Amino acid sequence: MHFSNFLTCTLLSGVSSGFGVLVKRASLTKVSNWGSNPASLNMYIYVPSTLAASPGLVVACHGASGNAQQEFTSTPYATLADQLGFIVVYPESPVGAWDATSKASLTHNGGGASQSIANMASYAISTYKVNTAKVGNTMAGVYPDIFKSAVIYSAGYSGNIRSMYPSWTGTYPKVQTYLGSLDTIIGSSSFNTTLAAWASVFGYDTIPDTVQQNTPVSGWITYVYGSQLQGTWAVGVGHPVSVQGAQDAKWFGIA
Ligand SMILES: *[C@@H]1O[C@H](CO)[C@@H](O)[C@H](O)[C@H]1NC(C)=O
């Protein structure tokens, strides 16, 4: 999950205008009664006017002091959803920060925030007949049964990811991480610690197969460990790294 320090609240309307032309746009909608919600989170959803036949799903978690509307307006996911026909779920933590560290949240069906979020994904999957191969988020370690790919912005993992869901025997989601070289909140050492934690999940060693300079942004470096894992070192960037929506859509398999 990525943590940002923005606190921007923008009022939304169902119609957005650009260059004097009114473009009919779907709106961000609050969903109630979507399922068991042990962490008392809110669920918002963006369903584009034109949905792909077998749509993908992106679960976009806001920053530590943000909210669903801020995530909706400050990231490119909704615009990409209009273009590509996928669904975006925006979970919202009423207290801002996410519980991403308690035992409940780090255990499959442990009754934490991650379980509430997984249940939101399940609701969207069944309601909109989502292609279950195209479901991406950041809770991948605990719910590999739901999330097939993850992009982790400016956050760190350590320890044994498989122990979060010991009985899981299927494939793990593919993981892309981003960390800014100037990020003092997470700290530079987390970059390789996180990649090492995921490398062991996939049976990879911790030596990158390729090091791609200027990828995906000029000056940034992407380390590729195998088809399931890569990490991008965002040189000159602080906290958080801004969402690379088009890259994410490719990584999630929906572009
Ligand atoms: C992470 O590991 C790579 C490859 O082993 C190394 O070149 C790089 O300097 C490390 N990055 C950080 C931020 O420690």
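Scroll up for the structure.
Residues numbered from 1 in each chain as written. Predicted model: local features only at pLDDT ≥ 70, side-chain atom pairs only at ≥ 80, totals over all residues. Heavy atoms only, no water.

A. Local environment of the overall build of the protein chain. In terms of helices and strands, the protein chain carries five helices and twelve strands. For the protein chain, with 255 residues in total, the buried portion stands at 50%. (Helix = DSSP H or I, 4+ residues; strand = E, 2+ residues; numbered from the N terminus. Buried < 20%, exposed > 50% of the residue type's maximum accessible area, 1.4 Å probe, protein only.)

B. Molecular detail of the site of the ligand. In the vicinity of the ligand, the residues found are S188, N192, P208, Y223 and W233. Side-chain polar atom of N192 to an oxygen atom of the ligand: 2.4 Å apart, as the coordinates give it. Protein coverage of the free-state accessible area of the ligand, which is 360 Å², stands at 55%. The residue makeup of the shell around the ligand, split by class, is three nonpolar, two polar and no charged. (Near = heavy atom within 4 Å. Polar contact = N/O pair within 3.5 Å; in protein donor to acceptor, adjacent residues only side chain to side chain. Areas by Shrake-Rupley, 256 points an atom, 1.4 Å probe, with all protein chains shown as cover. Nonpolar A, V, L, I, M, F, W, Y, C, P; charged D, E, K, R; others polar.)

C. Structural view of the environment of P240. Here P240 shows up in the loop between β12 (229-234) and α5 (245-251). Exposure remark for P240: the relative accessible area of 15% places this residue in the buried category. Between the C-alpha atoms of P240 and I185, which are 55 residues apart in sequence, the distance is 9.1 Å.

D. How the structure looks around the sheet that holds strand β6 (residues 87-92). Ordered by their spatial adjacency, ten strands build an open sheet running β3-β4-β6-β5-β7-β8-β9-β12-β11-β10, and the pairing between neighbours is mixed. What marks the edges here is a single partner per strand, and that holds for β3 (29-31) and β10 (210-213). In this sheet, neighbouring strand axes are inclined to one another by 20° on average, regardless of whether the strands run parallel or antiparallel. When β10 meets strand β11 (residues 221-226), the two strands line up antiparallel, connected through four bridges. Bridge pairing in β11 places Q213 opposite I221. Along the sheet, helix α3 (residues 113-127) contacts β3, β4 (42-46), β5 (57-59), β6 and β7 (135-137); its crossing angle with β5, the most-contacted strand, is approximately 160°. (Pairing = 2+ DSSP bridges. Axes fitted to C-alpha atoms, helices over the stretch in contact; angles between N-to-C directions. Contact = heavy atoms within 4.5 Å.)

E. Layout of the packing of aromatic side chains. All told, the structure shown has ten aromatic pairs when counted by the stated rule. Relative to W233, the ring of F191 lies with its centre 5.1 Å away and its plane at 50°, an arrangement referred to as tilted. Residue F191 is located in helix α4 (residues 189-202), and its partner W233 is located in strand β12; the two are separated by 42 residues in the primary sequence. By relative accessible area, F191 is classed as buried at 6%. Between F202 and Y204 the ring centres are 5.5 Å apart and the planes differ by 35°, which places this aromatic pair in the tilted class. Ring pairing ties together the aromatic residues Y157, W198, F202 and Y204, which thus form one cluster. Directly above the aromatic system of W251 lies the positively charged group of K174, at a separation of 4.1 Å from the ring centroid. (Phe/Tyr/Trp six-rings, centres within 6.5 Å; stacked < 30°, edge-to-face > 60°. Lys NZ or Arg CZ within 6 Å of the ring centre and 35° of its normal.)

F. Molecular detail of the environment of Q115. Looking at the secondary structure, you find Q115 in helix α3. We classify Q115 as buried; its relative accessible area is 14%. As for Q115 and P38, which are separated by 77 residues in sequence, their C-alpha atoms are 7.3 Å apart. Not counting chain neighbours up to four residues away, the residues in contact with Q115 comprise P38, N109, G110 and Y143. Within the structure, Q115 has its side chain in polar contact with the backbone nitrogen of G110 (distance 3.5 Å).

G. Local environment of the pairing of β11. For β11, the tally of buried residues reaches five of six residues, placing the bulk of the element in the interior. As judged from the five bridges shared by β11 and β12, these two strands associate in the antiparallel manner. Looking across to β12, one finds that Y223 is bridged to G231. From the end of β11 to the start of β12, which pair antiparallel, there are two residues.

H. Focus on the nonpolar core. Ranked by size, the top nonpolar core spans 47 residues in total, and within it L57, V89, I146, I161, Y172, W198 and L229 carry the most contacts. Apart from the residues within four sequence positions on either side, Y172 is in contact with A140, G141, P144, I161, R162, Y165, W198, V201, F202 and Q228. Within the second largest apolar cluster, 27 residues are counted, among which are Y46, V58, A68 and V241. (Core = buried A, V, L, I, M, F, W, Y, C linked by side-chain atoms within 4.5 Å.)

I. Structural context of α4. Taking 1.5 Å as the rise per residue, α4 with 14 residues should run 20 Å; its terminal C-alpha atoms sit 21 Å apart, in good agreement. Taken together, the buried positions of α4 are S190, F191, T194, L195, A197, W198, A199, V201 and F202. For α4, the elements touching its buried residues are β8 (149-153), β9 (174-180), β11 and β12. Looking at the residues trailing α4, positive phi occurs at G203, about 75°. (Expected span 1.5 Å × (residues − 1).)

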